[in-house]
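Okay, here's what each chain looks like letter by letter:
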Amino acid sequence: MTNKPVENASENASESPLTPLTLLGLGAMGTALAEAWLTAGHPLTVWNRTAARADALAVRGAAVAPTVAEAVAANRLIVVCLLDDASVDDALAGLDLTGKDLVNVVTSTPGQARARAAWAARRGARYLDGGIMAVPPMIGVPAAGPYVFYSGPSELFEEHRAVLAAPAGTRYVGEDAGYAALHDVALLSAMYGMFAGVAHAFALVRGEAVAPGDLAPMLSDYVTAMTRSIAGTAEQLESGDYTKGVVSNLAMQVAGKGTLLRTAEEQGVSAELLEPYFRLMERRLEVGSGEEDLTGVVDLLRR
Ligand SMILES: NC(=O)c1ccc[n+]([C@@H]2O[C@H](COP(=O)([O-])OP(=O)(O)OC[C@H]3O[C@@H](n4cnc5c(N)ncnc54)[C@H](OP(=O)(O)O)[C@@H]3O)[C@@H](O)[C@H]2O)c1
């Protein structure tokens, strides 16, 4: 067993590239997945609560099941791409899943994924959980870098990895069914932190003679450059030494935050997105060392 991601597994190790499968859910993401599997030549059965959403896929050769039970009966491999965990209950309630391989790519929490794995086992199905790291236009476009985290039994992942790799790359992150969701939500959470900072930056220049379009490439480049610190944070967390390789120490950054808060005030911008992080930096300075990096904030967040 390994928790290290297996990247972009596109080779077919143990399975025909034409493995038939069933897809439940034809929203924006489900439709993109369906199109990619059809393009790759997989016989595909689809089902959607609102049947009309399957019409275009039927023209492209998908078999459209009139009921979810018939969709599930059609193939051993069932991919679920519904809205949320509750919709999986709604759609699959009371169905016989004996002998099925269920791959659930609905965005969920680690706890929901683990509960869903146990739920599937009680119904006689093998279970993989997935977390999609892409938006629909990236699906089926390898150059755009789409991928899906998978977790659950490694042999089940290996069995299906070729068919799963048709719409997007695959990254296997461990036997624990909750780990795909854990990785998915960790990345999404970092993304929202970045969005928050970007929103604050645009708010600062709003009303000034600075076009958002001029600031945008500077923001992109700077945020990208700062992502180089991520590996250093990981190293410090692994070593436990938060003073190793520090280039901008905590004491300096806590002192400097006043400039950011005053600038927000001068510009008439609420600092509500920045303040919680600055408070954590201050708390860390109180209990840690000014020579540290910002890594100690991670420990303060753990409850
Ligand atoms: N779109 C993205 O950018 C994106 C990116 C990454 C991950 N995801 C994940 O992919 C999953 C699907 O997203 P999406 O973009 O396809 O969402 P969507 O466009 O809103 O489609 C939702 C799908 O769920 C079905 N559904 C909702 N409630 C249901 C219920 N109670 N019973 C049966 N079916 C139900 C809908 O059926 P109807 O057509 O009948 O309404 C539709 O097929 C979500 O978990 C989402 O978080 C999406």
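Everything here concerns the structure above.
Residues numbered from 1 in each chain as written. Predicted model: local features only at pLDDT ≥ 70, side-chain atom pairs only at ≥ 80, totals over all residues. Heavy atoms only, no water.

### Brief notes about the site of the ligand
With respect to spatial proximity, 21 residues lie near the ligand, and among them Met29, Asn48, Thr50, Arg53 and Thr107 are the closest. Between the ligand and Thr50 there is a distance of 2.5 Å, counted from an oxygen atom to a side-chain nitrogen or oxygen. Between Leu83 and the ligand, the recorded distance is 2.9 Å, taken from a backbone N or O atom to an oxygen atom. Considered on its own, the ligand offers 890 Å² of accessible surface; in the complex 78% of this is hidden by protein. Those elements that place two or more of their residues in the shell around the ligand are α1 (28–39) and α4 (85–92). With three residues, α1 is the largest single contributor of residues to the shell around the ligand. When the residues that make up the shell around the ligand are grouped by side-chain class, the tally is eleven nonpolar, seven polar and three charged. (Near = heavy atom within 4 Å. Polar contact = N/O pair within 3.5 Å; in protein donor to acceptor, adjacent residues only side chain to side chain. Areas by Shrake-Rupley, 256 points an atom, 1.4 Å probe, with all protein chains shown as cover. Helix = DSSP H or I, 4+ residues; strand = E, 2+ residues; numbered from the N terminus. Nonpolar A, V, L, I, M, F, W, Y, C, P; charged D, E, K, R; others polar.)

### Points about the packing of aromatic side chains
Following the criterion strictly, the structure yields four aromatic pairs and no others. Ring geometry for Phe157 against Tyr172: centres 5.0 Å apart, planes inclined by 20°, an arrangement best described as stacked. Placement of the pair is Phe157 in helix α6 (residues 154–164) and Tyr172 in strand β8 (residues 169–172), with a sequence separation of 15 residues. In this structure Phe157 comes out as buried when scored by relative accessible area, which is 1%. According to the relative accessible area criterion, Tyr172 is buried, its value standing at 3%. Seen in terms of ring centroids, Tyr192 and Phe195 are 5.6 Å apart; in terms of plane orientation they differ by 85°. Their pairing is edge-to-face. Of the two residues, Tyr192 and Phe195 both sit in helix α7 (residues 179–205), three residues apart, roughly one turn of that helix. According to the relative accessible area criterion, Phe195 is partly exposed, its value standing at 41%. Here the aromatic residues Tyr150, Phe157 and Tyr172 are joined through ring pairs into a cluster of three or more. Above the ring of Trp119, the side-chain terminus of Arg116 is found at 4.5 Å from the ring centroid. A cation sits over an aromatic face here: Arg171 above Tyr147, 3.8 Å from the ring centre. (Phe/Tyr/Trp six-rings, centres within 6.5 Å; stacked < 30°, edge-to-face > 60°. Buried < 20%, exposed > 50% of the residue type's maximum accessible area, 1.4 Å probe, protein only. Lys NZ or Arg CZ within 6 Å of the ring centre and 35° of its normal.)

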